[in-house]
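Working through the structure, step by step
So you can see what is in the structure, the chains are spelled out below.
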There are 2 protein chains.
Amino acid sequence: METRLEPAAPLTGTEVARLDAYWRAANYLTVGQIYLLDNPLLREPLRPEHIKPRLLGHWGTSPGLNLLYTHLNRVIKARDLNTIFIAGPGHGGPAIVANTWLEGTYSELHPSVSRDEAGMARLFRQFSFPGGIPSHVAPEVPGSIHEGGELGYSLMHAYGAAFDNPDLLVACVIGDGEAETGPLATSWLSNVFLNPARDGAVLPILHLNGYKIANPTILDRISRGDLLALMRGNGYQPYLVEGDDPATVHQLLATALDRALDDIAGIQRHARTTGDSTRPRWPMVVLRTPKGWTGPRVVDGTRVEGTFHAHQVPLGGVRRNAEHLRMLERWLRSYQPEELFDATGAPVDDLAALPPRGDRRMSANPHANGGKLLRDLVLPDYRTYGIEMVRPGQPAAEATRVLGHWLRDVVRANPDRFRLFGPDEVLSNRLDDTFEVTDRAFLAAREPGDEHLGADGQVVEVLSEHLCQGWLEGYLLTGRHGIFTSYEAFIHIVDAMLNQHAKWLKVTRTIPWRRPIASLNYLLSSHVWRQDHNGFSHQDPGFIDHVVNKKAEVVRVYLPPDANTLLSTMDHCLRSRHYINVVIAGKQPGPTWLTMEEAALHCRRGLGIWDWASTDEGVAPDVVLACAGDVPTLETLAAADLLHRHLPGLKVRVVNVVDLMRLQPESEHPHGLPDTQFDTIFTTDKPVIFAYHGYPALIHRLTYRRTNHENLHVRGYKEEGTTTTPFDMVMLNDLDRYYLVIDVIDRVPSLRTRAAHLRQAMVDARQRCRDHTRRYGEDAPEITGWQWDPEAATHL
Amino acid sequence: METRLEPAAPLTGTEVARLDAYWRAANYLTVGQIYLLDNPLLREPLRPEHIKPRLLGHWGTSPGLNLLYTHLNRVIKARDLNTIFIAGPGHGGPAIVANTWLEGTYSELHPSVSRDEAGMARLFRQFSFPGGIPSHVAPEVPGSIHEGGELGYSLMHAYGAAFDNPDLLVACVIGDGEAETGPLATSWLSNVFLNPARDGAVLPILHLNGYKIANPTILDRISRGDLLALMRGNGYQPYLVEGDDPATVHQLLATALDRALDDIAGIQRHARTTGDSTRPRWPMVVLRTPKGWTGPRVVDGTRVEGTFHAHQVPLGGVRRNAEHLRMLERWLRSYQPEELFDATGAPVDDLAALPPRGDRRMSANPHANGGKLLRDLVLPDYRTYGIEMVRPGQPAAEATRVLGHWLRDVVRANPDRFRLFGPDEVLSNRLDDTFEVTDRAFLAAREPGDEHLGADGQVVEVLSEHLCQGWLEGYLLTGRHGIFTSYEAFIHIVDAMLNQHAKWLKVTRTIPWRRPIASLNYLLSSHVWRQDHNGFSHQDPGFIDHVVNKKAEVVRVYLPPDANTLLSTMDHCLRSRHYINVVIAGKQPGPTWLTMEEAALHCRRGLGIWDWASTDEGVAPDVVLACAGDVPTLETLAAADLLHRHLPGLKVRVVNVVDLMRLQPESEHPHGLPDTQFDTIFTTDKPVIFAYHGYPALIHRLTYRRTNHENLHVRGYKEEGTTTTPFDMVMLNDLDRYYLVIDVIDRVPSLRTRAAHLRQAMVDARQRCRDHTRRYGEDAPEITGWQWDPEAATHL
């Protein structure tokens, strides 16, 4: 099939001239932002004081971005397309800013940066300047859903944006540097999950400018045949545009975009009229142009244009080097600004008329400010899905399976705006009730025997946490809702992506025209304590620690201890806005501790005393047993049970924590419990034995300013584990019921001698359990058969 | 070019029978491990009590792994190859364990698991059993350098192992599930960095068994044409082997391996005799066989073999379901164990003779126990590379550039065992002196104008942190040394990989036959405080927090404050073994605080009082100014300077911390400072203002058990930032010198009224700096021109 375009001339001479002028205007405005403090229209010869003292920014990628933006404007207008633009090389920020100013959007949102000479001066000055705007396609840039700071996520954001947006075209520029990253390399095959009937289209544009910071790029240096084979292997029809002569490239690029958009229209028409859901061969464009094109060719004897030397600021010494200053002026004047801007500094009419109007402008498209389009989810009343608690601990339920009943109905009620993403774990995480009402989206070959696979699925599963995260981000940023369910240990794979999304959320809170989006919800249900099939490599509860480093106003962490609290928590998360919610809940059968009403109240409070499990009768306890997480809660209640039986006079208070952020001081987190309440619950002077789901240090970190911190003793995961039984796992980490009782005895002074016998019994019980496990390969009956016994709780 | 093999018959009937028998033996031993507690040779009919109570393990991938291992044995022996085996689907642990037992290695290392009936019983029982061995190809498995728990890293480990090992062949099985991950997707093009003359060979074997946990795989469901195009696009010559008839597949696989190994031999011969360093087209194998091949075809009416139902344990109810028990027995007997094992339970002679001998066995190859081959680096005396300190603060030096002089000579002295890996930042991190003696390895097209690019480079740069990490891990695990240099923010990209490597190091410490390997060294030199070109998305110092969650015995974190301390630190790291060392040091010009001798002593101590900057004259200070990190150290000394000038009577102690782990109690970390020493240095009751490089919470976490913790006040990064000046960045996070002085005034009771005037002056100074920056776009001269003034230090 044809991939390399023959010279063709779809554009008239006037059209070429106009596109070229627009491109020059964008390039001029880009260079201006990098260099100029003043004299924006070069009304006088450039002088050193017109130049910024610190030259920051990335020129190399900018002319290519400008060229693509310009040409996309042409086809959007010609075809009345609904299009957003994703700049993979987001460090080309000044290019995109330039275009949003040319389109007028920038000035509409920031009136002081008007579309005239004064505004242009501000536009230039503010770029990468203290108190101004950042260097990337950050949230401050209209039309952006992708900062492009950390490379690799452009194409997955593009596909996420296209899901369930049948009229949307996402034009996604991928830099050849970015293309070397793992996340990008696996993004190409996202087309396996894109339904041409139900979803929008993604047009990937691989921009080969040949260099990174100081190295050539791989894709530019493998053979053209291999490159095209790679793209075809990924399911695309590549159109190759190469050149360094603007007039030729304008014609070639116009040809390529016309072909690609014709292809897309044909694919969508076919799928939408015939119902054929075979995966089509989508078009993509490969654009090979020089890095830093139209910039200085040679500086101080070194070739710059077309090399990595053009990556950032090609002329570095402008303020103190007269020759550099002259070169900069020549460079700027080479764009002929006098033809591009009128006497007021506004783009001349012919240029102003080029881009589309209103919301069709890529910088004003509401899909790129997803909160504007966000509609609440239709949420069935979660209370009616709860487990009926018979007595504390009964019945046993698989929390995620119970959640799955409700999620099934959430899926059904929101076919156009809700998706579940996961790395092939929806079934194993027992959310398979959702398959009663939807499939897993899959457009490659489907075969007899496949289960729950279809073109129309609202569940999207791929063995790449990066893709799950990136697709969901793109989906949320364009105004929809979703959940990412994953193994707890492997969610660290997206630590870096989480950072970037958290930063995006933080910054957008302060941008008035950015509207809040739905929260990013993680459901981590194959957690550290239950990796029976796997072992040590699958055990890591540290994602919580990572998340807690982000700004308090955007992160929330929940550890519901049973099915009913999980339902309440997820309902809350799906209603919330602009947060990152991390929910950790087991999929194995576990006790039901609370009625639905109690669960709702407990979740609303975030933490609380479980009176029914306490023996302090509302007065000062001898010891507080606190817990967070399903397995630690089970062990804590079993420990409380042992204490009730064997030390009936001991006043034990049981506290359960669902919302981890309640532990922090009010000053640190909006959910933080006031000190007086904290002191009331945790006492100011009694030992607190805290059984925690994750690394113990986090609980200290959250509570070290609390009055009673020095009496707080935390058990949690201490990086000990292997493939073994569930109870052996908690024993390996000293989180088991017997060890918690030992902790109590060791920390309540009055027990040290009085309970010496019980202490030894606990030591013996651990050994007995260990021996049983090693002999029979399963946990001892005293563990697996244990139930909360209300008779032992003195208040019953 | 031909990719699909025609039926051919390189093997005699006897050879097929023998390979098939060996394969059956491995399969039998695999199933035995998953199911059997006893009766290993089926000497009596299977009874429920012979079955494990918890059935754990992954059958689906195992027959494919066994087939490949068996066939590789044939070619290794026939060609006397030096080969290691990497199992991407590492959950197929029982398959690899089975093979190591057949080869005898397992019994040599674990004499109780002898190669006889009793040993076989132990082999079966111990698998995924409490007190036994884990389910994956974990460090406990001889011949493994790759656990395969977290998917995606097999092929990068393979390439890392092959670098600088010209005689080594790395056979790498990639599961089609794993192939969906980002890290794996970008690993294919690792061949761009492999030099056929100097490096070994990697033979990728893509195993398409078609399914993951519950979904089909992408690569199995795209067209064969696309799949082969993808592999060709990645630079390979694919050989496709497909089938479900063992006799046919044996012949096809033998043909494919012979072809591939002939290709490799030809490629290496050509490169090594002609000196031609053009990137060759390396062979690879695509093997498409049914998931769970040879297992139960249908269970309870559901098709299992060849579907995702074969992923883990195909027959789940064996202990209580008589029909399942019968099926298991039929399945086990289908391998005809009586033909495979002799009366003692050992493999029959014909099988025992199949694998290679001694170190040629993949399970005994010393490259897979790299510590056995590890040779110390030749390290030039770093002291002779130090900066000559004129007076504290002088001269200014770029720490990494100074380090680069030394690294250049390390590179030169260790051409066969030392590499620098990085995502295109060696130059920008100012380590470019290394290019005086080496190039960046690059085998794709090289063009005029390329700089420091060559086939033989010891520097390896690719825009993928995953590849850098994975290659380095493979390089270290096979007994060599290296450094990974990266942006601090983006090193989070490999958080999950770091976890896996840390777990590997932890476990191998307790396996007597595993020998210590060189440490994994990170040099993070584009750090949070100096992202002038980039901004908020590039600012994240949280990698330290992530690392500190790992086992104390394997992690170390260093924050050298200047060039001389950086030299001393890196020398220490390159000599260390079996750690993960994180070193954070700036690349921008910064003060030199210590002479080389002082630096060496300071690093040896890990932290210490800087007397020359203190005014407490060895007695009790009024306040302690502590600091860790180059920028915080600068601000702290500037704050000390201000205090000396303006409050000359105040007794200030300055403490600098290089080795962060010194802050922890002795009980928590081997580097922990004893409490008495800590109390002597940080006092037990005076305010400590701690200026820290990263998130402040970490310092609290490390010190909360110290006597004086409640007087500790930490400043650090609080997630505030944008593209701005260096001093504005520290002001945004309240880490600047003026704020530190304010902190002192607010926390030393005697100063609250006495220094009110100075406090206001500090507030004014901050405003003045902010105004200057916003006006002129650069830091105020009082900041950029500041130098440590010894006249102000009262003891001078």
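Residues numbered from 1 in each chain as written. Chains lettered and ligands numbered in written order. Predicted model: local features only at pLDDT ≥ 70, side-chain atom pairs only at ≥ 80, totals over all residues. Heavy atoms only, no water.

**Description of the overall build of chain A**
- Within chain A, the regular secondary structure consists of 27 helices and 22 strands.
- Taking 2.2 N^0.38 as the reference for a compact globule, 796 residues should give roughly 28 Å; the C-alpha atoms of chain A span a radius of gyration of 30 Å, in line with that estimate.
- In terms of principal-axis extent, the alpha carbons of chain A reach across some 95 × 65 × 45 Å.
- Residues counted as buried form 72% of the 796 residues belonging to chain A.
- Averaging the locations of the 82 positively and 97 negatively charged side chains of chain A gives two centres separated by 4 Å. (Helix = DSSP H or I, 4+ residues; strand = E, 2+ residues; numbered from the N terminus. Rg over C-alpha atoms; globule rule 2.2 N^0.38 Å. Buried < 20%, exposed > 50% of the residue type's maximum accessible area, 1.4 Å probe, protein only. Lys, Arg positive; Asp, Glu negative; His and termini not counted. Charge placed at Lys NZ, Arg CZ, Asp CG, Glu CD.)

**Re the side chain of Glu242(B)**
All names here are of chain B.
- Within the fold, Glu 242 resides in strand E4 (residues 236–242).
- Since its relative accessible area comes to 18%, Glu 242 is described here as buried.
- Side chain to side chain, Glu 242 and Arg 224 meet in a polar contact 2.8 Å long.
- A distance of 2.8 Å separates the side chain of Glu 242 from the side chain of Arg 288, its partner in a polar contact. (Polar contact = N/O pair within 3.5 Å; in protein donor to acceptor, adjacent residues only side chain to side chain.)

**Notes on the domain arrangement of chain A**
Residues and elements named next belong to chain A.
- When its domains are assigned, chain A resolves into domain 1 (13–369), domain 2 (382–591) and domain 3 (607–794).
- Domain 1 puts 41 residues into the contact, and the matching count from domain 2 is 36 residues.
- With both chains or domains summed, domain 1 and domain 2 bury close to 3100 Å², and 59% of this area falls on carbon and sulfur atoms.
- Sorting the residues of domain 1 by area buried against domain 2 places Pro 139, Phe 193 and Asn 369 first, and these three jointly supply 23% of that buried surface.
- For the pair domain 1 and domain 2, the interface holds 2 salt bridges. (Domains from an automatic or database assignment. Contact = heavy atoms within 4.5 Å. Buried area = accessible area lost by both parts, 1.4 Å probe. Salt bridge = Lys/Arg side-chain N within 4 Å of Asp/Glu carboxyl O.)

**Some thoughts on the interface of chain B and chain A**
- On the side of chain A, 122 residues touch chain B, which itself brings 122 residues to the contact.
- Around 9700 Å² of area is buried between chain B and chain A when both sides are counted, 53% of it from carbon and sulfur atoms.
- Contact with chain A buries surface across chain B, with Arg221(B), Leu463(B) and His533(B) losing the most and accounting together for 8% of the total.
- Scanning the region where chain B abuts chain A turns up 18 salt bridges.

**What about the pairing of strand E15 (residues 555–558) of chain B?**
Residue and element names in this part refer to chain B.
- Here E15 shows two buried faces, one formed by Val 555 and Val 557 and the other by Arg 556 and Tyr 558.
- Sheet analysis places E15 next to strand E16 (residues 580–584), joined by 4 bridges and oriented parallel. Bridge pairing links Val 555 to Ile 580 in E16. (Pairing = 2+ DSSP bridges.)

**As for the environment of Gly454(B)**
All names here are of chain B.
- Inspection of the secondary structure assignment puts Gly 454 in strand E11 (residues 453–454).
- A relative accessible area of 7% means that Gly 454 is categorised as buried.
- As for Gly 454 and Ser 519, which are separated by 65 residues in sequence, their C-alpha atoms are 27 Å apart.
- Residues contacting Gly 454, with those up to four places away along its chain left out, are Asp 439, Arg 440, Ala 441, Phe 442 and Arg 446.

**A word on the pattern of salt bridges**
- Enumeration over the complete set of coordinates arrives at 117 salt bridges over all chains.
- For Arg47(A), the salt bridge is made with Glu49(A), and the minimal N-O distance between the two is 2.7 Å.
- A relative accessible area of 34% places Arg47(A) in the partly exposed class.
- When the shortest N-O distance is used, the salt bridge between Glu447(B) and Arg221(A) registers 3.8 Å. Here Glu447(B) is found in the loop between strand E10 (440–441) and E11, whereas its partner Arg221(A) is found in helix H8 (residues 218–221) on a different chain.
- The exposure class assigned to Glu447(B) is partly exposed, which follows from its relative accessible area of 38%.
- Residues participating in the shared-partner salt-bridge network are Asp220(A), Arg221(A), Arg224(A), Glu242(A), Arg288(A), Glu447(B) and Asp450(B).

**Thoughts on the relation of the copies chain B and chain A**
- Once chain B has been moved 0.0 Å along the axis and rotated by 180°, it coincides with chain A to within an RMSD of 0.0 Å. In the structure described here, the two chain copies are related by an operation that fits a two-fold rotation axis. Taking C-alpha positions as the reference, the residue of chain B nearest the rotation axis is Gly182(B), at 2.0 Å.
- Interface residue correspondence from chain B to chain A reaches 100%, placing this contact among same-surface, isologous pairings. (Least-squares fit on C-alpha atoms with pLDDT ≥ 70 in both.)

**Some details on the pairing of strand E13 (residues 481–487) of chain B**
All names here are of chain B.
- Buried residues dominate E13, accounting for 7 of its 7 residues.
- Note that strand E9 (residues 418–422) and E13 share 4 bridges and pair parallel. Counterpart to Phe 421 in the pairing with E13 is Phe 484.
- Direction of pairing for E13 relative to strand E14 (residues 520–526): parallel, over a ladder of 5 bridges. Bridged to Ser 486 within E14 is Leu 524.
- In this fold, the crossover linking E13 to E14 by way of helix H16 (residues 495–508) has right-handed handedness. (Right-handed = clockwise from strand over helix to strand, strands pointing away.)

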